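# Structural description and commentary
Next come the chains, spelled out residue by residue.
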Amino acid sequence: MEYERVTGKRYRVLHPRPAYVLIVGKWGGDDRGIMAASWVMPLSEEPERLVVAWDKETHSLSILRKTGVFTVNVVGPELTDLVWRVGSVSGWEVDKFREYGIEVEQARSNGGMVLKGALGWVEARVFRIVEDLAEDVDLVIADVVDAYARRDLYDPRYGWRASKAGILLHASGRAFFTPGRMVFAEK
Ligand SMILES: Cc1cc2nc3c(=O)[nH]c(=O)nc-3n(C[C@H](O)[C@H](O)[C@H](O)COP(=O)(O)O)c2cc1C
């Protein structure tokens, strides 16, 4: 087997990864932000926490510092354009909610907002923001407050019926994937 040496943007070797929509801020509040994020992962089960590698310069992170709450919205391929838009345009320049007609609903437990049309979401509250880890990114550690998934697309045992739900994955730039079939590891 021959291997190609990867130079530059080596994180791509770890892609594709899910492309989520983060919505930041409180329901009914003026301070709100929205962006795409792939560098999101579960951190712990006791207590339930997740982490996001969050670009320091983003409008959304500035709103998160004020409001402390956000949701991680899981989307399918029908929202690819929306993911790209909110992930390539900044709230410092444009009110993305208004510009792209993004509709939100009240989150159930964290006081925040969820994306209308999402397949599911996790409601989170900031536990700690770790700075000085990198020049470009802060690490947001957050408590998982609540989570929902569309009943027809989510199996309590295996989680997402991903081939049906088509959870959107990000490859690079404008390129995305959607999962194909479920495979099982041998016993
Ligand atoms: C598919 C995709 C995934 C992204 N993943 C992340 C991420 O994990 N962390 C991050 O800080 N920015 C990520 N971005 C970039 C932000 O979404 C982008 O900087 C956005 O414009 C920030 O918006 P804001 O300034 O309104 O907060 C991603 C963009 C795309 C398109």
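Keep in mind that this is a model prediction, so the values were computed, not measured.

## Side note on the sheet that holds strand E6 (residues 69-74)
Ordered by their spatial adjacency, seven strands build an open sheet running E3-E2-E6-E9-E10-E5-E4, and the pairing between neighbours is antiparallel. Of all strands in the sheet, those with a lone pairing partner are strand E3 (32-37) and strand E4 (40-45), marking the two edges. Recorded for the sheet is a direction-independent mean angle of 30° between the axes of neighbouring strands. Pairing of strand E9 (residues 120-130) with strand E10 (residues 137-149), which is carried by 10 bridges, proceeds in the antiparallel orientation. Within E10, the position partnered with alanine 124 by the bridge is valine 144. Across the sheet, helix H1 (residues 59-67) lies against strand E2 (20-25), E3, strand E5 (48-55), E6, E9 and E10, angled at about 125° from E3, the strand it touches most.

## Let's talk about unusual backbone geometry
Residue histidine 15 is joined to proline 16 through a cis peptide bond whose omega torsion reads 0°. Mapped onto the fold, proline 16 is located in the segment before strand E1 (17-18). With an omega of -5°, the peptide bond running from glutamate 46 to proline 47 counts as cis. By the element assignment, proline 47 lies in the loop between E4 and E5. A positive phi angle is found at aspartate 132, which is not glycine, with a value near 65°. Here aspartate 132 lies in the loop between E9 and E10. Accessibility expressed as a relative area gives 73% for aspartate 132, which makes it exposed.

About the thresholds
- Residues numbered from 1 in each chain as written.
- Predicted model: local features only at pLDDT ≥ 70, side-chain atom pairs only at ≥ 80, totals over all residues.
- Heavy atoms only, no water.
- Pairing = 2+ DSSP bridges.
- Helix = DSSP H or I, 4+ residues; strand = E, 2+ residues; numbered from the N terminus.
- Axes fitted to C-alpha atoms, helices over the stretch in contact; angles between N-to-C directions.
- Contact = heavy atoms within 4.5 Å.
- Buried < 20%, exposed > 50% of the residue type's maximum accessible area, 1.4 Å probe, protein only.

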